[in-house]
Every structure is written in structure tokens, then in C-alpha cells.
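Fold and geometry: a report
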Amino acid sequence: MSELELRGTIVRNQTDEILVHSGKYGSFDVVDIRWYINDKPNRKGIRMNKEEMKKLHVILDNILKRDKHEKNSKDLGE
């Protein structure tokens, strides 16, 4: 039923990491972002279709751009 491929990992410490998978879940193209503790999946995470992921990407990109702008403004003494 699930054909998800590991796309990336973000390590927090020796036991906790985020795994990012994408692929087919049933008939849907999905992205799954989930915490793993001691190499076991945790309930904490999110699975969304690719259209939802595109919207999330825009939101996260705007947050990062705003944070970068605020940092640059502080560096310039504004």
C-alpha cells in the first residue's frame, strides 16, 4: 500500500531525528515528515499530499525570508 522513499534526515541528537519520505500512499503522492526515536517512528509528524506540501513550502520560505531580513536589519543597526 505504501511506497515511500527516504529523501532526507535531520539529526537532533543521538536518539532523535526527523525522517522525510515521499512517494505513493495508496493512490496519492505524499510527503511524510516524522520524528523517529531510537530508529522507531513516533506519532509526532505529518503526512500531506504534494499540493499541501507546496503551500507549506511557501509559508516556511516566507518565515525564513522574514527572519533573514530581520537579522540583516539588526546587523545594520536599523
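Higher on the page you've got the structure.
Keep in mind the model is a prediction, meaning the values are calculated, not measured. (Residues numbered from 1 in each chain as written. Predicted model: local features only at pLDDT ≥ 70, side-chain atom pairs only at ≥ 80, totals over all residues. Heavy atoms only, no water.)

**Thoughts on the sheet that holds strand S1 (residues 2–11)**
One open sheet holds the 4 strands; their spatial order is S1-S2-S3-S4, and the pairing between them is antiparallel. Where the open sheet ends on each side, the last strands, each with one partner, are S1 and strand S4 (40–49). Neighbour-to-neighbour, the strand axes of the sheet open up by a mean angle of 25°, direction not taken into account. Direction of pairing for strand S2 (residues 16–25) relative to strand S3 (residues 28–37): antiparallel, over a ladder of 10 bridges. Residue pairing in the sheet places Gly-23 in a bridge with Val-30 of S3. (Pairing = 2+ DSSP bridges. Helix = DSSP H or I, 4+ residues; strand = E, 2+ residues; numbered from the N terminus. Axes fitted to C-alpha atoms, helices over the stretch in contact; angles between N-to-C directions.)

**What about a nonpolar patch on the surface?**
Together, Ile-59, Leu-60 and Ile-63 give the surface a local cluster of nonpolar side chains, amounting to about 250 Å² of exposed area. Considering the arrangement of structural elements, one finds Leu-60 in helix H1 (residues 50–75). On the accessibility criterion, Leu-60 (43% relative accessible area) is partly exposed. (Patch = residues over 30% accessible without salt bridge, like charges linked within 9 Å, V, L, I, M, F, W, Y side chains within 5 Å. Areas by Shrake-Rupley, 256 points an atom, 1.4 Å probe, with all protein chains shown as cover. Salt bridge = Lys/Arg side-chain N within 4 Å of Asp/Glu carboxyl O. Buried < 20%, exposed > 50% of the residue type's maximum accessible area, 1.4 Å probe, protein only.)

**What to know about the side chain of Arg-34**
Examined against the element boundaries, Arg-34 turns out to sit in strand S3. Residue classification places Arg-34 among the buried residues on the basis of a relative accessible area of 15%. Ignoring any residue separated from it by four or fewer positions in sequence, one finds Arg-34 in contact with Glu-17, Ile-18, Leu-19, Pro-41, Asn-42, Arg-43, Lys-44, Gly-45, Ile-46 and Arg-47. (Contact = heavy atoms within 4.5 Å.)

**Some thoughts on the pairing of S2**
Taking burial as the measure, the 10 residues of S2 include 7 buried ones, the bulk of the element. Counting the residues in the hairpin turn of S1 and S2 gives 4 residues. Where S2 hands over to S3, the hairpin turn is made up of 2 residues, of which Gly-26 adopts a positive phi near 65°.

**A short note on the pairing of S4**
Relative to S4, S3 runs antiparallel, the two sharing 7 bridges. Within S4, the position partnered with Ile-33 by the bridge is Ile-46. The loop that links S3 with its antiparallel partner S4 comprises 2 residues; one of these, Asn-38, has a positive phi angle of about 50°.

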